[in-house]
Amino acid sequence: MTGAIHPIAGNFNVPLPANEPVHDYAPGSPEADALLAEIKRLSSMTQDIPLQIGGEVIHTERTQPVVCPHDHRLVLGNLSLAEESHVHRAIEAALEARHSWARMPWWERITIFLRAAELITGKYRDEVNAATMLNQSKTFHQAEIDGVCELADLIRFNAHYAAEIYNRQPQAVQGGENNYLDQRGLEGFVLAVSPFNFTNIAGQLPMTAAMMGNTVVWKPSEKSALSTDVIRRIYEEAGLPPGVINTVHGDGAMVSDICLAHPEFAGMAFVGSTQVFRELWRKTADHIDSYRSYPRLVGETGGKNAVLAHPSADPQAVKTGLTRGAFEFQGQKCSAASRAYVARSVWKQIRDEYAAQVDGLVVGDVTDHRTFLGAVIDETAYDRLTDAIERAQQLDSHTLIAGGTSDKGVGYFVRPTVFESTDPTAFTFETEFFGPLLVVHVFEDDQWEETLRLADRTSPYGLTCSVYATDRSAIGQALDILRDTSGYLAINDKPAGMSIGKQQFAGSRASGTNDKIGSPLALQRWVSGRFIKENLAPDTDYRYPYMGD
Ligand code: NAD
């Protein structure tokens, strides 16, 4: 008999939690002052950010700087980079930890993560926020709703959904039988690959799989390594046993190539670009004959999210939706609005005011309370965006109505930019640029249906979408024609921004496998059921009654 002893008898309930309250960080408030002090502390040092394999913290010789996007001379960390041997060790550590982790009662696994949620919202709230502000260039509000509130909500709601999954049992004792469902973690290890843009996604990917009894090799984004390292330490402090989540920084292709080639690769939790997910899917297919099981591939990827405003829409609501939806966090949310279709009568009322509003948005250092947009994540993103803006400017169909400038002297700053376009088939309506760039097509008021069809077929993605209208038949028509256009549709609200427990999030088409985060489905993917039937009164005669004597 190995493993811990669990002398507890009982059925465990996890009630529906409440959302973590969002702090305001108003200028001069004690909470803002405390956060600014933490930012100062983190800015004054260069942290060594290690790998962690089988519980062992490893600093490698090869490192890479982690910089602050709005002040790129500020080096926040030296990131240890894994060699191939580290990846092999991480897989071994995950497989070694799997036996006892998978057999630990689910409520104990959950308790570890619930404790992590308390650390995130309590002792480490300022550090999570400060790291997210410095490393991803998020404002006070954007950092708070991401790394603290959404990650804590995801843990707490996941705990509730996990309990639901484990408690959903067949009729236990019926007609001399005992039936039950053993919700096993996957046989093997899970690879989690996370993007730079949300601290909560980085924390969520390995956590969700681990909660359901899996052990994980986690490859976080090198661009947001400072914030993910805070989460790694929190999980450890909360009591996560060694080997359950193994953090391996480095070249994504190298790490995933080794993981995907392993016969015990059991699943992948990926969030990032469509192109990388497709590459990983292809590589998985190449190894299909060598796997012990069919790997579960879960991926949430890119978007090209549309806002559609009907003539009956409230113009002020459209204006606000377009500003917040397109430009919060510099448009670097997968769900950000990046193309809009606005009825001429509505556009006439808001065009100039909207352009002035966008030109008035403060872009700069996120520790300044007036800032609405920080910098884009790095020079590659900066170049991609400035190139797209330049190309759009060369099109006769495109008129620049706001922004259009950029400056990378101190930080990677790109002004929020809006083009009005007479050509809704231009590249600007199709391609994801992942930055503060919005293109608007103005349609005639009687062209609602045609415009809905146009929006549906223009881009390969299917993530989010917004419809602004007060006319119920126009809303109905949109819900019908846009049925396959997105996995998340907002009516009279921006396409980005969700609250765990209230909304569920994920997309279809080229945007992902649509395994709704904030729902039991996101957890269900990480278990593989074993159905158990016990016969309480076994038959002792092979003959059936129809056979007579
Ligand atoms: P990315 O695809 O560049 O990187 C994501 C992760 O993959 C990182 O950890 C990276 O190091 C790794 N990676 C990069 N190239 C790789 C390769 N060849 N092989 C294996 N791994 C590799 O994405 P990003 O820039 O970090 O994030 C932005 C993208 O993520 C956007 O496309 C955005 O729409 C998408 N995103 C989607 C959602 C969603 O829920 N649908 C949420 C957040 C971000």
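## Some points on the domain arrangement of the chain
- Taken domain by domain, the chain holds domain 1 (32-168 + 179-301 + 512-533) and domain 2 (305-491).
- Taking the mean C-alpha position of each, domain 1 and domain 2 sit 31 Å from one another.
- Opposite the 25 residues of domain 1 that make contact, domain 2 presents 28 residues.
- Roughly 2,100 Å² is buried in total at the junction of domain 1 and domain 2, and carbon and sulfur atoms are behind 65% of that figure.
- One can count zero salt bridges joining domain 1 with domain 2.
- There are eight residue pairs in polar contact (both at pLDDT 80 or more) connecting domain 1 and domain 2.
- Within the residue set of the side of domain 1 that touches domain 2, elements represented by two or more residues are helix 1 (30-43), strand 5 (71-80), helix 4 (125-136) and helix 5 (140-167).
- Partitioning the side of domain 1 that touches domain 2 into residue classes produces nine nonpolar, 11 polar and five charged.

## Concerning helix 8 (residues 252-260)
- By the burial criterion, the buried members of helix 8 are Met 254, Val 255, Ser 256, Ile 258, Cys 259 and Leu 260.
- Considering only its buried residues, helix 8 is in contact with helix 2 (84-103), strand 8 (189-193), strand 9 (216-219), strand 11 (265-271) and helix 9 (274-286).

## Quick notes on the site of the ligand
- In the neighbourhood of the ligand, 30 residues make up the surrounding shell, with Ser 194, Lys 219, Ser 273, Thr 301 and Glu 432 lying closest.
- Phe 196 has a polar backbone atom sitting 3.2 Å from an oxygen atom of the ligand.
- One of the side-chain nitrogen or oxygen atoms of Lys 219 is found 2.7 Å away from an oxygen atom of the ligand.
- For the ligand, whose unbound accessible area comes to 840 Å², protein coverage reaches 89%.
- Listing elements by their share of the shell around the ligand, those giving two or more residues are helix 8, strand 11 and helix 9.
- Of the residues belonging to the shell around the ligand, the class tally is 14 nonpolar, 10 polar and six charged.
- If you count residues domain by domain, the shell around the ligand takes at least three from each of domain 1 (32-168 + 179-301 + 512-533) and domain 2 (305-491).

Conventions and cut-offs
- Residues numbered from 1 in each chain as written.
- Predicted model: local features only at pLDDT ≥ 70, side-chain atom pairs only at ≥ 80, totals over all residues.
- Heavy atoms only, no water.
- Domains from an automatic or database assignment.
- Contact = heavy atoms within 4.5 Å.
- Buried area = accessible area lost by both parts, 1.4 Å probe.
- Salt bridge = Lys/Arg side-chain N within 4 Å of Asp/Glu carboxyl O.
- Polar contact = N/O pair within 3.5 Å; in protein donor to acceptor, adjacent residues only side chain to side chain.
- Helix = DSSP H or I, 4+ residues; strand = E, 2+ residues; numbered from the N terminus.
- Nonpolar A, V, L, I, M, F, W, Y, C, P; charged D, E, K, R; others polar.
- Buried < 20%, exposed > 50% of the residue type's maximum accessible area, 1.4 Å probe, protein only.
- Near = heavy atom within 4 Å.
- Areas by Shrake-Rupley, 256 points an atom, 1.4 Å probe, with all protein chains shown as cover.

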